[in-house]
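# Descriptive structure summary
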Amino acid sequence: MTTINKTLVLFDVDGTLTQFRLPIKPEISEVLTKLKEKVTIGLVGGSDLPKIAEQMGRQGDDVSEAIDDVIQRYDYVFAENGLVAYKNGSLLAKESIVNYIGEQKLQKLINYCLGYMSSLELPVKRGNFVEFRNGLINICPVGRSCSQKERDDFGAYDAIHKIREKFIKDVKQHFGDELDLNYAIGGQISFDCFPKGWDKTFCLKYVEKDFDKIYFFGDKTQPGGNDHEIYSDPRTIGHSVKDPNHTIQILKQLFFNENK
Ligand code: M1P
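Conventions adopted
- Residues numbered from 1 in each chain as written.
- Predicted model: local features only at pLDDT ≥ 70, side-chain atom pairs only at ≥ 80, totals over all residues.
- Heavy atoms only, no water.
- Salt bridge = Lys/Arg side-chain N within 4 Å of Asp/Glu carboxyl O.
- Helix = DSSP H or I, 4+ residues; strand = E, 2+ residues; numbered from the N terminus.
- Buried < 20%, exposed > 50% of the residue type's maximum accessible area, 1.4 Å probe, protein only.
- Expected span 1.5 Å × (residues − 1).
- Contact = heavy atoms within 4.5 Å.
- Pairing = 2+ DSSP bridges.
- Axes fitted to C-alpha atoms, helices over the stretch in contact; angles between N-to-C directions.
- Polar contact = N/O pair within 3.5 Å; in protein donor to acceptor, adjacent residues only side chain to side chain.
- 1 Å grid on protein atoms, 1.4 Å probe; cavity = no way out; pocket = protein on both sides within 12 Å on 5 of 7 lines; lining within 4 Å.
- Points joined across faces, edges and corners; volume = space filled by probe spheres on them.
- Nonpolar A, V, L, I, M, F, W, Y, C, P; charged D, E, K, R; others polar.

## Observations concerning the pattern of salt bridges
Applying the stated rule across the entire model yields 20 salt bridges. Linking R73 and D69 is a salt bridge whose minimum nitrogen-to-oxygen distance equals 2.9 Å. Linking R73 with D69, this pair stays in helix 3 (residues 63-73), spanning four residues, or about one helical turn. Looking at R73, the relative accessible area reads 29%, which means it is partly exposed.

Take a look at the structure:
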């Protein structure tokens, strides 16, 4: 197999390598294993490391084993947009949103979002509406403790009623530039809030000097989606995909000389 030097291929997770929050399928994983023999590969997800590991690590492992597996399996793992960064199995860097924006601003955001969600009427509401992570705050109107069916139902409901888009618009209008935050939809039921510039391009500072070509594959590449900035960044060659099969189809054309 020919090795292509100094090429990095970065992948978003949900919608690009897996269905939303579900484990990677063996046939997709197999292509990535073959790709790693040719180029350097990495993941850049909005989710935290345990969630990425659950989907991309060895299935059946407990969370800490799955984390060990995923950080070994991929050359780079950038969780929470790269705010938690691993290279070759070791922690490279970790950033904290609370240190960066401070407790007061953080509470303003959380209190406002909880207030907004308290007056939202949805087909169902469950628990865990605000998830605090290292580098971002995840806001989830239906509640992260919903079942897979409730998740899928909310996804379909949101596609019609634009609950998340309207919510983000309202938060932006309410705070203006006061919080200096950005908001992006990365998955099916929630949106992420993070300091401006802490989108997925954040991870590029760890790799831009070491590679001649950096490919990026993502599904949420439209403005407002959490792949948009890195997809359109001049440092990457962006590919917008419809689903994991589409990703594999493009990989085969680009790296395995298959034309369809
Ligand atoms: O990977 C993209 C997103 O995955 C999850 O989204 P949801 O639960 O809405 O499907 C979240 O972990 C989110 O933070 C992340 O951006």
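## Details of helix 5 (residues 103-118)
In this model, helix 5 (16 residues) spans 22 Å end to end at C-alpha, consistent with the 22 Å of a helix rising 1.5 Å per residue. On its buried side, helix 5 packs onto helix 4 (97-101), strand 6 (130-132), strand 7 (137-139), helix 7 (163-175), strand 8 (181-184) and strand 9 (191-195).

## With respect to the sheet that holds strand 9
Backbone-to-backbone hydrogen bonds join strands into a sheet, with any given pair of strands oriented parallel or antiparallel. The strand order 6-7-9-8 describes an open sheet built from four strands, whose pairing is antiparallel. Bordering the open sheet on either side are strand 6 and strand 8, each of which pairs with just one other strand. Ignoring which end each strand starts from, the neighbouring axes of this sheet average 20 degrees apart. As defined by bridge partners, strand 8 adjoins strand 9 across four bridges and the pair is classed as antiparallel.

## Overview of the environment of D61
Take D61: it is sitting in the loop between helix 2 (49-56) and helix 3. Of the residues examined, D61 reaches a relative accessible area of 24% and is grouped as partly exposed. Not counting the four nearest positions on each side in its chain, D61 is found in contact with A66 and D69. Here the side chain of D61 touches R58 through a polar contact of 3.0 Å, side chain to side chain.

## Thoughts on the sheet that holds strand 2 (residues 40-44)
Read across the sheet, seven strands follow the order 5-4-3-2-1-10-11 without closing on themselves; strand pairing throughout is mixed. Both edges of this open sheet fall to strand 5 (90-94) and strand 11 (237-240), since each of them pairs with a single strand only. Adjacent strand axes in the sheet meet at a mean angle of 20 degrees when their direction is disregarded. In this structure, strand 1 (residues 7-11) lies alongside strand 10 (residues 213-218), joined through five bridges in parallel fashion. Its bridge partner being in strand 10, L10 is matched across the sheet by F216. Contacts from helix 2 reach strand 2, strand 3 (76-79) and strand 4 (84-87), with the element oriented near 130 degrees to strand 3.

## A word on the layout of surface pockets
Empty space among the atoms becomes apparent when a probe as large as a water molecule is rolled across them. Estimates place the volume of the largest pocket at around 500 Å³. Looking at the lining of the largest pocket, the elements with two or more residues in it are helix 6 (148-161), helix 7 and strand 8. Per element, the largest residue contribution to the lining of the largest pocket is five residues, and it comes from helix 7.

## Side note on empty space enclosed by the protein
Within the structure shown, the criterion is met by one cavity of 30 Å³ or more. If you add up the space inside the largest cavity, you get close to 190 Å³. In terms of lining, the largest cavity is formed by 21 residues, of which the most central are D14, S47, G186, G187 and S190. Looking at the lining of the largest cavity residue by residue, the class counts come to four nonpolar, nine polar and eight charged.

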